[in-house]
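Spelled out, the chains give:
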Amino acid sequence: SGLKELESEEIVHEESESDLQIYPNPGSDQILVHTRDGKSISEMEIFSSYGQLIRRVQVTDQNMALNITDLPSGVYYLKCLLDGDSIIMKRFVVLK
């Protein structure tokens, strides 16, 4: 199903401005993902607004450009594992 049940020690932060930025938001061709405070992204996944896993993203840099040209207009969530211990879900919008 693509949904992962979170383990009890994992902490999910919704819309945490202090650790992660996504811009432009809304975006159409690509979005930039930027971490603050020297945090490292271990994993990234894109989910639909229904919770369906759309894509796992290969992390290559702490400031990444994600190609979203294949995503139809809508609301999505980017799940990032930071420093191997905290999970942040950030909402972003695709407009074509």
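From a predicted model like this one, the values you see are computed outputs, not experimental measurements.

The rules behind these values
- Residues numbered from 1 in each chain as written.
- Predicted model: local features only at pLDDT ≥ 70, side-chain atom pairs only at ≥ 80, totals over all residues.
- Heavy atoms only, no water.
- Helix = DSSP H or I, 4+ residues; strand = E, 2+ residues; numbered from the N terminus.
- Polar contact = N/O pair within 3.5 Å; in protein donor to acceptor, adjacent residues only side chain to side chain.
- Contact = heavy atoms within 4.5 Å.
- Buried < 20%, exposed > 50% of the residue type's maximum accessible area, 1.4 Å probe, protein only.

**Focus: the side chain of Glu45**
Piece 1. Within the secondary structure, Glu45 is located in strand β4 (residues 41-48).
Piece 2. Within the local environment of Glu45, its side chain forms a polar contact with the side chain of Arg56, the two groups lying 2.9 Å apart.
Piece 3. The residues contacting Glu45, other than those within four sequence positions of it, are Leu53, Arg55, Arg56, Tyr77, Leu78 and Lys79.

**Considerations on unusual backbone geometry**
Piece 1. With an omega of -10°, the peptide bond running from Tyr23 to Pro24 counts as cis.
Piece 2. Along the chain, Pro24 falls in the loop between β2 (20-23) and β3 (30-35).
Piece 3. Note that the residue after Asn25, namely Pro26, is joined by a cis bond; omega there is 15°.
Piece 4. Within the secondary structure layout, Pro26 lies in the loop between β2 and β3.
Piece 5. Positive phi values are uncommon outside glycine, yet Asp83 reaches one of about 50°.
Piece 6. Summarising the element assignment, Asp83 is placed in the loop between β7 (74-82) and β8 (86-94).
Piece 7. We classify Asp83 as partly exposed; its relative accessible area is 40%.

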